[in-house]
Amino acid sequence: MTEHVEWSEPEAVAAPVSSAVTPADAADAARLVAFGLQPKLQPARDQEYAELLRRYREDSAFARLADAVATGLGLVVLEVSPRAGMAVTAAEDSVFAVRMGDYARRTSADSGDRFLHGLAHLAVAAMAFPRPEDLADDGYIGRVSVNGVDAFVRQACRRLEERADEQGENTDPATDAPGLEAAWRIWARRSSTGATKDARRLAGSTTGIIGKAVAFLTDSGFLQRTGDDGGGTYRTTARYQLQVRDMAGSAAMAELLELGIVPVTDGTASLLPAEDTEDLELAADAGLPFHS
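To start, this report covers the structure provided alongside it. Everything quoted here is computed from the prediction, not taken from an experiment. (Residues numbered from 1 in each chain as written. Predicted model: local features only at pLDDT ≥ 70, side-chain atom pairs only at ≥ 80, totals over all residues. Heavy atoms only, no water.)

## Some details on the overall build of the protein
So the rule is basically this: Elements are defined by DSSP. Helices are runs of H or I of four residues or more, strands are runs of E of two residues or more, and each kind is numbered from the N terminus. We call two residues in contact whenever any of their non-hydrogen atoms come within 4.5 Å of each other. Reported accessibility uses the Shrake-Rupley method at a 1.4 Å probe radius. Residues are deemed covered only where the shown protein chains occlude them.
From N to C terminus, the protein includes 11 helices and 7 strands. Of the contacts made within the protein by residues no fewer than 6 positions apart, 62% connect residues no fewer than 24 positions apart. Surface accessibility of the protein: about 15800 Å² in total, with carbon and sulfur atoms responsible for 51%.

## Structural notes on the sheet that holds strand E5 (residues 233-236)
Put simply, the test is: Pairing between two strands is assigned when DSSP locates at least 2 bridges connecting them. Geometry is summarised by axes, namely lines fitted to C-alpha atoms with helices restricted to the contacting stretch, and by angles between N-to-C directions that run from 0 to 180 degrees.
Strand order in the open sheet made by the 3 strands is E3-E5-E4, with antiparallel pairing throughout. Strands at the two margins of the open sheet, each flanked by one partner only, are strand E3 (143-145) and strand E4 (223-227). Put simply, the sheet's adjacent strands are angled 35° from each other on average, direction ignored. Pairing analysis gives 4 bridges linking E4 to E5, with the strands arranged antiparallel. In the sheet register, Arg225 faces E5, and the bridge partner there is Tyr234. Across the sheet, helix H7 (residues 146-166) touches E3 and E5, and the angle it forms with E3 is around 85°.

Quick look at the structure:
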């Protein structure tokens, strides 16, 4: 006697329900990216921006859509949060990428000064975040001043000159030689202020170059001006911290930091030798908000 087995059709497995992307969703995602391209705009002061940020954090499908829009524009999303908004940076091939050559032309600098402008930006970043833990701490706020950055670079110049003397290499390098060794002589020879008759600092002076650097960073939402002391005082923003963490150029910044000059971060020009610099390193991939 055989047992009768009753067969039945397997139950159909319900397909996962996924809502189709609508034109309105795409428009909202693009709108969020557009907010991210306005670095001075704070989410706390714009209700629509804050709502789109909330949606990004709570709706994974919308987040993927916004990320895709950013990628299509050649942008890299660094962070999406209430503190930084939608912080984006431009990929090297993006139409939004800022290059040092473009920046130098924007500041009316001649080709010989471009290296000094790059060094100014490097010094601002190093002085704003002198220790790896400062760069890693989301709550850390760096403070710099124009005169303080100039004093920082000039002390670095003296340290580099001493190192060159010790190594018997204190000869002028070629003007296009890479690294800080080529820069310190040029910076040290340049007037710090070179004020005009009406007490305005010359654009080609080192404080004039730093002034242009911090003005650019302020316009880009990376710094906020806090006062007029010391040639102008500034505090860092969350976006600047993210940029310094992310961008390339860490080798030059590490070289500057490893000289053992640790600035006081209240924006003054006081500089002190580091107590211990043997393990001084910068967080990976830190550098300038420019592409080479």
